[in-house]
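# Breakdown of the fold
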Amino acid sequence: MTGLRLRAELRPGERRAPLTPHDAGLLVADGVRVTVEDSPHRVFPTADYAATGCLVAEPGSWVDAPDDEIVLGLKELPDHPTALRHRHMFFGHAYKGQVGAAALLTRFTEGGGTLLDLEYLTDDKGRRLAAFGYWAGYVGAAMAVLHHRGRMPTPLEPMSVSTVDALLAGGEPCRAIVIGALGRCGHGAVRALSAADLDPTLWDLDETRDLDRQSLLDNELLVNTVLTRTPVPPFLTKDDLSRPHRLTTIADVSCDVGSACNVLPIYDRTTDWRHPARRVHDGPPAVDVIAIDNLPSLVPLESSTAFSADLVPHLRGLADSTRPWRRCADLFATKTSEGHADD
C-alpha cells in the first residue's frame, strides 16, 4: 500500500472515523502516504491528522485520487461517480440483498474497482477483526431504556459515554432481554442495561435454536444484537405482536431491514436521530422500534478509538496481502461474478 485516503463522511450526524490521528501517524511512520479529507463534523480535528504527518485534501477529492490509493470510509458513497475505480474500504451492506446492493456492486464492476467490505474483515474462523459492535450494542440498549423511561433526548446529539451512563442512572425497574448476549454487541448492550440498574435475561445460540416466543414477549424491553449472514426463522413477526405481551420497546441493533436475514420483520425502514423510535404496533400495549443504523456515532470518540485500534494492525499489514484482506477481495469477486448481491 503506497497511499491511503480517509474520506469525509456525507451522512448527517456521522462523526465517527475508522482511523484516529494517532493510528494514522503509525501508517505515516511506516512510509504510507496518508491523505485525510477535511471534515468539520469528524470527531477528530483535521489539524490533529496533519500534526502526525498526514496530507490534507478537500472533501470528496478521492474521486480524483491516484488509482493505487485505497479509499477508507465508513458509510455509503455518494451517487457519483457512477463507476468506481479505486479499492474502497467501508461498510457496503451489499452482500445480503439489501436495498441498493446490486447497484453498488455494478458501480464497482463498471469502474474496475474493488470493495473490501469492513464487515467481512475476519480471521480464519470467521470472527470480525474490527467492529463497532460493542458500542452499537451499548447505545442501542441505552436508547431502549431512555425511550421506555420517557428520557430520550430528541433529536439525538453525539455525547460521551459518561453522559449516557448518567442519563441511564435511576429509574423504575423493568424486564429486559438481550438476544445475542455472548457476542461483542451483546456485551455492550449488557453494560448499558447494567448502568440502568437492570438485570437482563441473556439469550444466545442455545435459546434461539428453539425460541420461546411467549417468554420473549413477556419482557418489556428487547435488544436484538444478532447479525446473521444466512436466513433464519424470525424471532418475532407482526402476528406475534397481536398475542398477549408486555413488550413495549425493541432496539434492533442489527438493522437488517430489507434483507432476507432480518430476524425482526416487524418494520420496513430504519429510524434516525431526529426520530429514534417508530410505532410498529398500536397495542395494547403499543410497541415501538428503535432501528438506527449508525448507533455508535452517538458516542463517536469512544467508538472510533476502539475501532481504529482494531483496524490499524491490519492496515499496516495490507502491503503483505494478508489473509483477511484476501478473503475480502475474494468475496467481492465471488459476489460480482454471481451477478447479484444475494447470499
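Above this note sits the structure.
Let me begin by describing the structure that accompanies this report. All residue numbers refer to position in the chain's written sequence, counted from 1. Selection of residues for local features in this predicted model requires a pLDDT of at least 70, selection of side-chain atom pairs for listing and counting requires 80 or more, and totals for whole chains, interfaces and linings are taken over all residues. Side-chain measures here rest on the full set of heavy atoms in the structure, leaving out hydrogens and waters.

For the bond from His 80 to Pro 81, the omega torsion is 5°, close enough to zero to count as cis. Numbering of helices and strands runs from the N terminus; a helix is a DSSP stretch of H or I covering at least four residues, while a strand is a stretch of E covering at least two. Mapped onto the elements of the fold, Pro 81 is located in the loop between β4 (69-72) and β5 (87-90). Cis geometry marks the peptide bond from Gly 283 to Pro 284; its omega dihedral reads 10°. Within the fold, Pro 284 resides in the loop between β11 (277-281) and β12 (287-290). Phi is positive for His 93, which is not a glycine, with a value near 50°. Per-residue accessibility, obtained with a 1.4 Å probe over protein chains only, is compared with the maximum for each type, and a residue is labelled buried under 20%, exposed over 50%, and partly exposed between these values. For His 93, a relative accessible area of 34% corresponds to the partly exposed category. The phi dihedral of Asp 197 falls on the positive side, at around 65°, and the residue is not glycine. Positionally, Asp 197 belongs in the loop between α6 (184-195) and β8 (201-203). Residue classification places Asp 197 among the exposed residues on the basis of a relative accessible area of 59%.

Turning our attention to the nonpolar core. Nonpolar cores are built from buried Ala, Val, Leu, Ile, Met, Phe, Trp, Tyr and Cys residues. Side-chain atoms within 4.5 Å join them into one set. Residues Met 143 and Leu 168 are the most contacted members of the largest nonpolar core, which totals 36 residues. Those elements giving two or more residues to this core turn out to be α4 (133-148), α5 (161-168), β7 (176-179), α6 and β9 (221-224). If you tally residues by element for this core, the top one is α4, at 10 residues. Formed by 31 residues, the second largest nonpolar core is a distinct cluster that contains Ala 24, Val 36, Val 43 and Leu 74.

Within the secondary structure layout, Val 190 lies in helix α6. As for Val 190 and Gly 112, which are separated by 78 residues in sequence, their C-alpha atoms are 43 Å apart. Not counting residues up to four positions away in its chain, the partners in contact with Val 190 are Val 178 and Leu 202. In what follows, a contact means two residues having at least one pair of non-hydrogen atoms within 4.5 Å.

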